[in-house]
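# Survey of secondary and tertiary structure
Residues per chain, in single letters:
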Amino acid sequence: MLICKSMAFWSVSRLLSSSIRHKNPKFSTALSPAEKYYTHLQKCGDNIEKTLPAVRAKLDSSCVNVVLNKCSRTQSQLGLRFFIWAGLQSYYRHSSYMYSKACELFRINQNPRAIIDVIEAYRAEGSVVTVKTFNVVLNLCREAKLADEALWVLRKMAEFNIRADTIAYNSVIRLFCEKGDMDLAAGLMKEMGLIDLYPNMAIYITMIKGFCNVGRLDDACKLLKVMKGHGCSPNKVVYSVILDGVCRFGSLEKALELLAEMEKDGGDFSPNTVTYTSIIQSCCEKGKLMEALEILDRMRASGCAPNRVTISVLTKGFCAQGRVEEVYKLIDEVVAGGNVSYAECYSSLVASLVGNKNLQEAEKLFRWMLASAVKPDGLACSILIKALCLEGQFLNGFHLFDELDSVEGLGAIDSDIYSILLVGLSQKRHSVEAVKLAKLMVDRGIQLKTPSFDSIVEHLKESGDKELVVMRCVGGSALLDPALLHDVPWDKIQENLW
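Read on for a plain summary of the structure. Within each chain, residue numbers correspond to sequence positions counted from 1 in written order. Only residues with pLDDT of at least 70 get local features here, since the model is predicted, and only at 80 or more are side-chain atom pairs given and counted; chain-wide, interface and lining totals rely on the full set of residues. The side-chain quantities take in all heavy atoms of the structure and omit both hydrogens and water.

### Description of the environment of Glu391
The line we're drawing: Helix and strand definitions follow DSSP, with helices as H or I runs of at least four residues and strands as E runs of at least two, each counted in order from the N terminus.
Considering the arrangement of structural elements, one finds Glu391 in the loop between helix 22 (378-390) and helix 23 (394-405). Separated by 32 residues in the primary sequence, Glu391 and Leu359 place their C-alpha atoms 9.4 Å from one another.

Set out below in structure tokens:
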């Protein structure tokens, strides 16, 4: 018997030791690609770009990220130079995320001197650099929005006997367009012609958009003509950019001229729904509603269907002039086209009526929608309830909210509406409704977004519903936590808090 027990114990021990050996393989001492690159960077001296290819380790975004993180602590320039070198390899390309990560880790926005130091180090060490090297650096400047430093880098290329290419100029021009310095951007564009470089579509679009953003529409239109003269045919994007600028800063007549030009060219240049809607909006903002309807007719004749945004723009324009009856007729026509529904159109109309202080008509339409099974969207519901609250009609707002809560298929009501209603109901001493709403917030885990937290708690306490008042016990937390509503020592809470 003793022998059997000993053999059994030996068998179990053997089994366990075997299992442990299989589950714990020998520890590997092989370095990861990131560790290999980082170790190499610690050992090599100047001109690291010449020796990095000898590492022969897999280079990918994960590897680059690890190396950058290690270097960012105390060796930012070393890490930055590794990043630039990695971006030059034929089998790897930095994503926009990696450029963003590099700028963040090396704090290039706060320390633009880091860019200058790298270029100066290249020159001091006699490093072999190419136009691609400078383009990676310029991409870092673009990500960090360093226009002046990017221009400095562009000028430094000549000191390395490197001729800037279209990509380099595009990077710098884009930065100055975003900065709003269109004179300097235009100067760089002219400079390209002096060295036999020609702007591509990306540069033209950047420049035209830049001119439009600062309201220099004449310059944008002149550049459009120059673009055509250089054999670079403007596409739909170019026309849309100019139209957007003209609609914002220019004359309606000019916008209509451009629209006619796009319609005439046809094909890829044909205006789309967004284009037509932009001009309709411009007409409505200038009070020219008949012209807006004419554009709508042209839009439908060209095969472009109006969408909800188009209808929203039109309803807003007509409501601003008190021409509500015409909106109803317009909605009938548009819905008949089959691209938008009555629910979408009427929801937009409710929002427009509220925006023009016609709350009575908005509520009348809203009630009709509910009675006719035309379901308003969540935005229309939220806007109307909020408008009722702003008029001090908190009880009406709550009853509407309560009615909507039982309707299936409605869009979600903005969570802020709960807080607005609860504050108003508490202030107006509507205890029954306030308690009901607060319980609903508890059930749905909705946070109370208001500085009036303490006053609401005080009112709920007076209502006699102790379960809700427990939210006061979590240090003023505005989250109504249902887990706190059970087994609460109410007597002690009242002694400590009230």
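### Quick notes on the packing of helix 7 (residues 113-125) against helix 9 (residues 147-156)
To be explicit about the condition: Only the stretch in contact is used when a helix axis is fitted, and all axes are lines through C-alpha atoms; the angle between N-to-C directions ranges over 0 to 180 degrees. Roughly parallel means an angle under 35 degrees; roughly antiparallel means over 145; roughly perpendicular covers 65 to 115; every other angle is labelled oblique. What makes a crossing left-handed is the near helix being turned counterclockwise from the far one by less than a right angle; a clockwise turn instead makes it right-handed. Note on contacts: a residue pair is in contact if any heavy atoms of the two residues lie within 4.5 Å. The residue classification treats Ala, Val, Leu, Ile, Met, Phe, Trp, Tyr, Cys and Pro as nonpolar and Asp, Glu, Lys and Arg as charged. All others, Gly included, are polar.
One way to put it is that helix 7 packs onto helix 9 with a least axis distance of 10 Å and a crossing angle of 15 degrees. Relative to helix 9, the element helix 7 lies roughly parallel. As for the relative orientation of helix 7 and helix 9, their crossing is left-handed in sense. Residue-level contacts link Ile115, Ile116, Ile119, Glu120 and Arg123 of helix 7 to Trp152, Val153 and Lys156 of helix 9. Partitioning the contact of helix 7 with helix 9 into residue classes produces five nonpolar, no polar and three charged.

### With respect to helix 22
Rules: Expected span of a helix: the number of residues minus one, times 1.5 Å. Burial classes: relative accessible area under 20% of the type maximum marks a residue as buried, over 50% as exposed, and values in between as partly exposed (1.4 Å probe, protein chains only).
Look at helix 22: 18 Å from first C-alpha to last across 13 residues, which is about the 18 Å you get at 1.5 Å a residue. Those residues of helix 22 that fall on the buried side of the exposure criterion are Gly378, Ala380, Cys381, Ser382, Leu384, Ile385, Ala387, Leu388 and Cys389. Buried-residue contacts for helix 22 involve helix 20 (342-355), helix 21 (359-371), helix 23 and helix 24 (415-427). Following helix 22 by one or two positions, Gly392 has its phi on the positive side, about 80 degrees.

### Digging into the environment of Asp332
Threshold: We define a polar contact as two N or O atoms separated by no more than 3.5 Å, with the added condition that, inside protein, one atom must be a possible hydrogen donor and the other a possible acceptor, whereas residues neighbouring each other in sequence contribute only through side-chain atom pairs.
By the element assignment, Asp332 lies in helix 19 (residues 324-336). In sequence terms Asp332 and Tyr342 are ten residues apart; their C-alpha atoms lie 8.0 Å from each other. Apart from the residues lying within four places of it in its own chain, the contact partners of Asp332 are Tyr342 and Tyr346. A polar side-chain atom of Asp332 sits 2.8 Å from a polar atom in the side chain of Tyr342.

### Details of helix 25 (residues 431-444)
Given a rise of 1.5 Å per residue, 14 residues ought to cover 20 Å, and the 20 Å separating the end C-alpha atoms of helix 25 matches this to within 8%. Within the span of helix 25, buried status applies to Glu433, Ala434, Val435, Leu437, Ala438, Leu440, Met441 and Val442. Looking one or two residues beyond helix 25, the residue adopting positive phi is Gly445, at roughly 65 degrees.

### Points about the pattern of salt bridges
Our working rule: Think of a salt bridge as a Lys or Arg side-chain nitrogen and an Asp or Glu carboxyl oxygen that are within 4 Å of each other.
Under the counting rule described, the total for this entry stands at 24 salt bridges. Between Glu125 and Arg81 there is a salt bridge whose closest N-O contact spans 2.9 Å. Linking Glu125 in helix 7 with Arg81 in helix 5 (residues 76-86), this pair joins segments that are 44 residues apart in sequence. The salt bridge involving Glu261 is made with Lys228; its shortest N-O contact spans 2.5 Å. Within this pair, whereas Glu261 is found in helix 15 (residues 252-265), its partner Lys228 is found in helix 13 (residues 217-229), the two being separated by 33 residues in sequence.

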